[in-house]
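Here are the chains, one letter per residue:
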Amino acid sequence: MEIKVMKNILGENDKIAAENRKMFREKKIVVVNLMGSPGSGKTSLLEKTLSKIAEKINVAVIEGDLFTARDAERIERHKIPVVQINTSGGCHLDAAMVRRAAESINLDETDLLIVENVGNLVCPAEFDVGENFKAVVLSITEGDDKPMKYPLIFKESAITLLNKIDLLPFTNFDVAAAREDLTTLHPNIEIIETSCTKNIGLDAWADWLLKKVEVI
Ligand code: MG
Ligand code: ZN
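About the thresholds
Residues numbered from 1 in each chain as written. Chains lettered and ligands numbered in written order. Predicted model: local features only at pLDDT ≥ 70, side-chain atom pairs only at ≥ 80, totals over all residues. Heavy atoms only, no water. Donors = N, O, S within 2.8 Å, 3.2 Å for Na, K, Ca; no water. Helix = DSSP H or I, 4+ residues; strand = E, 2+ residues; numbered from the N terminus. Buried < 20%, exposed > 50% of the residue type's maximum accessible area, 1.4 Å probe, protein only. Phe/Tyr/Trp six-rings, centres within 6.5 Å; stacked < 30°, edge-to-face > 60°. Lys NZ or Arg CZ within 6 Å of the ring centre and 35° of its normal. Pairing = 2+ DSSP bridges. Right-handed = clockwise from strand over helix to strand, strands pointing away. Axes fitted to C-alpha atoms, helices over the stretch in contact; angles between N-to-C directions. Contact = heavy atoms within 4.5 Å. Core = buried A, V, L, I, M, F, W, Y, C linked by side-chain atoms within 4.5 Å.

### Some words on the coordination of the magnesium ion (ligand 1)
Tetrahedral metal sites with four donors have an ideal angle of 109.5 degrees; octahedral sites with six donors have ideal angles of 90 or 180 degrees. The magnesium ion (ligand 1) binds to the protein through Thr43 (OG1), Asp71 (OD) and Glu116 (OE), with metal-donor distances spanning 2.0 to 2.1 Å. Positions of the donor residues of the magnesium ion (ligand 1), expressed as sequence spacing, correspond to T-x27-D-x44-E. With threonine 43 in helix H2 (residues 42-54) and aspartate 71 in helix H3 (residues 70-76), the pair connects residues that are 28 residues apart, well separated along the chain. No difference in accessibility class separates threonine 43 from aspartate 71, as the two residues are buried.

Structure, rendered in structure tokens:
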């Protein structure tokens with residue numbers, strides 16, 4: 001019975017996600033759904049790269065959070081249009097929430113829309129919001145076992161950012177093992193090692209985003 005209910009929810013979500021995808025395609029907007037655990041560094045990675053990207057293309061951000069607008073305030077400081085979604089405790093964004101948020105964005109003047117999802121490695125991967133690409137941030141402090149423990153999010157994502165890589169000497173994180181598990185789950189996945197504090201991999205992440213906009 002519960003399984004049936006879940007399927008109905010996902011079916012309804014997929015319908016709205018398809019409408020979102022059509023709308024974004026008509027407006028020639030690339031949409032990236034940025035996912036990862038709480039504290040993995042999603043907002044910091046955006047802060048470090050969006051200003052650079054915004055010199056070349058028009059970027060907008062949708063911030064998903066349980067209760068606060070703190071991440072949206074951080075993005076706004078960089079003069080980038082941002083809309084906050086508060087899920088009131090809901091653990092993921094869905095397509096209807098993103099559609100409502102998109103109504104507050106000037107879509108005619110947007111090339112790249114980044115949706116920072118609620119911090120969670122599980123259900124954000126199950127709910128299509130109409131994005132072109134999913135991206136997942138895995139900080140190395142979370143442990144190298146996470147890809148195999150939460151396979152869906154890594155299977156669905158076009159790219160994994162191995163973040164806080166500067167902390168490697170202080171952890172037992174095995175980068176080679178994590179890379180192997182990630183490519184086992186998703187043979188074409190791109191992997192970039194990043195650090196916001198030591199400025200590692202940030203240009204590569206910015207270039208990855210810019211290239212997605214050029215191609216479409
Ligand atoms: Mg955040
Ligand atoms: Zn959820």
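### Brief notes about the packing of aromatic side chains
The tally for this structure, following the rule as stated, stands at 2 aromatic pairs. Plain terms: the ring middles of phenylalanine 133 and tryptophan 208 are 5.8 Å apart, the flat faces sit at 70° to each other, and that makes the pair edge-to-face. Highlighted residues: phenylalanine 133 in strand S5 (residues 133-139) and tryptophan 208 in helix H8 (residues 202-215), separated in sequence by 75 residues. Residue classification places tryptophan 208 among the buried positions, given a relative accessible area of 6%. Aromatic side chains tryptophan 205 and tryptophan 208 sit 5.9 Å apart centroid to centroid with 20° between the ring planes, which places their arrangement in the stacked category. One end of the pair, tryptophan 205, and the other, tryptophan 208, are both in helix H8, 3 residues apart, so they sit about a helical turn from each other. Neither tryptophan 205 nor tryptophan 208 differs from the other in exposure class; each is buried. Cluster of aromatic residues (ring-pair linked, three or more members): Phe133, Trp205 and Trp208. In this arrangement the basic side chain of lysine 212 is found over the ring face of phenylalanine 133, its NZ or CZ atom lying 4.7 Å from the centre.

### Details of the pairing of strand S2 (residues 59-65)
Judged by how many residues are buried, S2 sits mostly within the fold: 7 of 7 residues are covered. Across the two faces of S2 the burial is the same, with Val59, Val61, Glu63 and Asp65 and Ala60, Ile62 and Gly64 all buried. Bridge count for S2 against strand S4 (residues 112-116) is 5 bridges, and the pairing is parallel. When the sheet's bridge partners are listed, glutamate 63 is paired in S4 with glutamate 116. Examined bridge by bridge, S2 and strand S3 (residues 82-86) share 5 bridges and lie parallel to one another. When the sheet's bridge partners are listed, aspartate 65 is paired in S3 with asparagine 86. With H3 bridging S2 and its parallel neighbour S3, the resulting β-α-β unit is right-handed.

### As for the pairing of strand S1 (residues 30-36)
Most of S1 sits out of view: 7 of its 7 residues are buried. Here S1 pairs with S4 via 5 bridges, running parallel. Pairing of valine 31 across the sheet is with leucine 113, part of S4. Here S1 pairs with S5 via 5 bridges, running parallel. Counterpart to asparagine 33 in the pairing with S5 is lysine 134.

### Observations regarding the sheet that holds S5
In spatial order, the strands read S3-S2-S4-S1-S5-S6-S7; together these 7 strands make up an open sheet with parallel pairing. Of all strands in the sheet, those with a lone pairing partner are S3 and strand S7 (190-193), marking the two edges. Strand-to-strand twist of the sheet, defined as the mean angle between neighbouring strand axes without regard to direction, takes the value 20°. Of the strands in this sheet, S1, S2, S4, S5 and strand S6 (159-163) touch H2, which is tilted by about 170° from S2. Here helix H7 (residues 175-185) sits on the sheet in contact with S6 and S7, set at roughly 155° to S7.

### Observations regarding the nonpolar core
Counting residues in hydrophobic clusters, the biggest one holds 29 residues, and the most contacted among them are Leu50, Ile53, Leu112, Trp205 and Leu209. Those residues in contact with leucine 209 that lie beyond four places of it in its chain are Val32, Ile53, Leu112 and Ile114. With 18 residues, the next largest nonpolar core counts Ile85, Leu93, Ile105 and Val115 among its residues.

### A short note on the coordination of the zinc ion (ligand 2)
Protein coordination at the zinc ion (ligand 2) comes from Cys91 (SG), His92 (ND1) and Cys123 (SG), with a distance range of 1.9 to 2.2 Å. Mapping the donors of the zinc ion (ligand 2) onto the primary sequence yields the spacing C-H-x30-C.

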